[in-house]
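Take a look at the letters that make up each chain.
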Amino acid sequence: NIIIMTSEMLSHRSRSNTSEQSQFLKDVGTLVIDESHLLTVKGRGDHLEVGLMKFTQINPKARLVLLSATMPNVEEIAEWVSYSLNQKETFVLRSDYRPVPLTTHYETYDDSLKRYDLIEQEKINKALDIIDWYKDDKFLVFSHTKRTGELMKKELMSSGIECQFHNADLESAERAKVEDRFKNDPKLRVIVATSTLAWGLNMPARRVIILGVHRGVDEVESHDILQMIGRSGRLGIDPMGDAYVLVPESNSQTFRHKYSQPNRIESQLLEKFGNKHKILAFHLVSEIHHGEVETTDDVHDWYKRSLAYFQNKALDQTAVDETRCGRIYVCQQN
């Protein structure tokens, strides 16, 4: 009755819709897209966008349900679904209700120090102070790098606090074991984690700490921070949740404003890598391979159903020409 898949698998199966293994897509009555703000995430959003374009082409009767807690331009996305994808009336249902009240705190750290390792230690010390203050509560501590995560774990263990480091290096069985212990063993008070625990998993953490707002030199996107914040306070376990975002003292107000609201959902289809339209090329070459695109007119017809087109991101002939890949080319009309 229910098939669960990633957005990448939806895109793949929809492209291969003529194969026997993908025929089930034509029988789907309702497609639910959880965490639909994924549309704006670099490296993943384009697969969801194109997957929805293709799915609604082969199954126009299916009902779409998009779920998200971090989508500010929700009306625009709803209009895209109705106008470009399936020509059905779309309803926007809003709710600010959260069964467990959540409070976000912004704690500053000294970023005037000249060395990277000293700044990371400042963040760790701030986190240790918060954890030590609430001795009876369980914590999730999010680190944006494995190195800082390991240092955080080492400092916690040195302080006599039992903890585990949840990251992509662990096998799935090991990660599941850590998650189960955190839920059932009161001695395991803290899990240090990378983004592996940020999206979708429900863990009984009364409080969350986010160790800074940079991943290398890049600022962490607001949807990632908001997902981490949302892990604090679990239904049926905690009366409320508290999240602590560690921000640099020199420009704390900038980050307070940035993370007080989610990013606008923007199509990633025309994003460039190395000054080339490699994302667009990947999807167009797939359409060529499956016989859906043969001419430049076909390219533009295909593109008109995209969120990128709906958001007035122009696809000019130069961009089409740049999608050449090896010896595969979009044929010129006539």
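**Student:** Outline the overall build of the protein, supporting the account with residue identities and numerical values.
**Tutor:** Within the protein one finds 12 helices and 10 strands. Based on the C-alpha atoms only, the size of the protein along its principal axes is roughly 75 × 50 × 35 Å. Looking at the protein as a whole, 46% of its 334 residues qualify as buried. When contacts within the protein are restricted to residue pairs at least 6 apart in sequence, long-range pairs at least 24 apart make up 75% of them. As displayed, the protein offers around 18000 Å² of accessible surface, 50% of which is attributable to carbon and sulfur atoms.

**Student:** Quick one: what's the story with unusual backbone geometry, residue by residue and with numbers?
**Tutor:** Here the phi dihedral of Q87 falls at roughly 55°; this positive angle occurs in a residue that is not glycine. Within the fold, Q87 resides in the loop between α3 (74–86) and β3 (102–109).

**Student:** Break down the side chain of H47 for me, with residues and values.
**Tutor:** Residue position: H47 is located in helix α2 (residues 45–58). Excluding residues within four positions of it along the chain, H47 makes contact with S7, E8, S11, F282 and H283.

**Student:** Break down helix α1 (residues 7–15) for me, with residues and values.
**Tutor:** Structurally, the α-helix is built with 3.6 residues per turn, so residues lying three or four positions apart point the same way. Those residues of α1 lying buried are S7, L10, S11, S14 and R15. Angular distribution of buried residues about the axis of α1 spans 125°; they occupy a single face of the element. Looking at the buried residues of α1, the elements they touch are β1 (30–33), α2 and α9 (278–289).

**Student:** Just give me the short version of the sheet that holds strand β10 (residues 241–248), but keep the residues and values in it.
**Tutor:** On the basis of which strands lie adjacent, the open sheet formed by 6 strands has the order β3-β10-β7-β4-β6-β5 and parallel pairing. Because the sheet does not close on itself, it has two edges, and the strands there are β3 and β5 (163–166). Taken over all neighbouring pairs, the strand axes of this sheet differ in orientation by 20° on average, direction set aside. Taken strand by strand, helix α6 (residues 172–184) contacts β4 (139–142), β5 and β6 (190–193), and its axis lies near 140° from that of β5. Helix-sheet contacts for helix α7 (residues 222–229) involve β3, β4, β7 (207–210) and β10, and the interaxial angle to β7 is about 150°.

**Student:** Explain the packing of aromatic side chains to me, and be specific about the residues and the numbers.
**Tutor:** Considering all chains together, one arrives at 4 aromatic pairs under this definition. Note on Y83 and F310: the rings are 6.2 Å apart at their centroids and 45° apart in plane angle, and the pair reads as tilted. Of this pair, Y83 sits in helix α3 while F310 sits in helix α11 (residues 307–310), and the two are 227 residues apart along the sequence. Given a relative accessible area of 65%, Y83 falls into the exposed group. An angle of 40° between the planes, with centres 6.5 Å apart, marks the rings of Y134 and Y244 as tilted. Placement of the pair is Y134 in the loop between α4 (116–133) and β4 and Y244 in strand β10, with a sequence separation of 110 residues. Residue classification places Y244 among the buried residues on the basis of a relative accessible area of 4%. The aromatic ring of F182 is capped on one face by K138, whose charged end is 4.7 Å from the ring centroid. Between R207 and the ring centre of Y134, over which it is positioned, the NZ or CZ distance is 3.5 Å.

**Student:** Tell me about the layout of surface pockets, and please be specific about residues and values.
**Tutor:** Put simply, the largest pocket is a space of about 1800 Å³. Taken together, 49 residues line the largest pocket, and the ones lying closest to its centre are L67, S68, A69, T70 and S95. For the lining of the largest pocket, the secondary-structure elements that each account for two or more residues are β2 (63–66), α3, β3 and α7. Top element by residues in the lining of the largest pocket is α3. It accounts for 5 residues. The residue makeup of the lining of the largest pocket, split by class, is 24 nonpolar, 14 polar and 11 charged. Each pocket or cavity is described by its volume, and for the second largest pocket that value is around 710 Å³. Every residue lining the second largest pocket is counted, 23 residues in all, and those nearest its centre are I3, I4, M5, L31 and V32. Of all the elements in the fold, those that place two or more residues in the lining of the second largest pocket are α1, β1 and α2. The dominant element in the lining of the second largest pocket, judged by the number of residues it contributes, is β1, at 4 residues.

**Student:** A description of α4 should follow, citing residues and the corresponding values.
**Tutor:** Between its first and last C-alpha atoms α4 spans 26 Å; for 18 residues at 1.5 Å apiece the expected length is 26 Å, and the two agree. Within α4 the residues assigned to the buried category are I119, E120, K123, I124, A127, L128, I130 and I131. The elements touched by buried residues of α4 are β3, β4, α5 (146–158), β6, β7 and β10.

**Student:** So, the nonpolar core: which residues are in play, and what are the values?
**Tutor:** Counting 36 residues, the largest nonpolar core has L52, W80, L269, W302 and L315 as the members making the most contacts within it. Put simply, the parts of the chain that give this core at least two residues each are β1, α2, α3, α9, α10 (296–303), α11 and α12 (317–321). If you tally residues by element for this core, the top one is α2, at 6 residues. Sequence-distant contacts of L269, defined by excluding residues within four places in its chain, comprise D46, E49, V50, I279, L280, H283, W302, Y303, S306 and A308. Core analysis: the next-biggest nonpolar cluster, separate from the first, contains 22 residues, L188, V208, V220 and M228 among them.

Definitions and limits used
Residues numbered from 1 in each chain as written. Predicted model: local features only at pLDDT ≥ 70, side-chain atom pairs only at ≥ 80, totals over all residues. Heavy atoms only, no water. Helix = DSSP H or I, 4+ residues; strand = E, 2+ residues; numbered from the N terminus. Buried < 20%, exposed > 50% of the residue type's maximum accessible area, 1.4 Å probe, protein only. Contact = heavy atoms within 4.5 Å. Areas by Shrake-Rupley, 256 points an atom, 1.4 Å probe, with all protein chains shown as cover. Arc of directions from axis to C-beta. Pairing = 2+ DSSP bridges. Axes fitted to C-alpha atoms, helices over the stretch in contact; angles between N-to-C directions. Phe/Tyr/Trp six-rings, centres within 6.5 Å; stacked < 30°, edge-to-face > 60°. Lys NZ or Arg CZ within 6 Å of the ring centre and 35° of its normal. 1 Å grid on protein atoms, 1.4 Å probe; cavity = no way out; pocket = protein on both sides within 12 Å on 5 of 7 lines; lining within 4 Å. Points joined across faces, edges and corners; volume = space filled by probe spheres on them. Nonpolar A, V, L, I, M, F, W, Y, C, P; charged D, E, K, R; others polar. Expected span 1.5 Å × (residues − 1). Core = buried A, V, L, I, M, F, W, Y, C linked by side-chain atoms within 4.5 Å.

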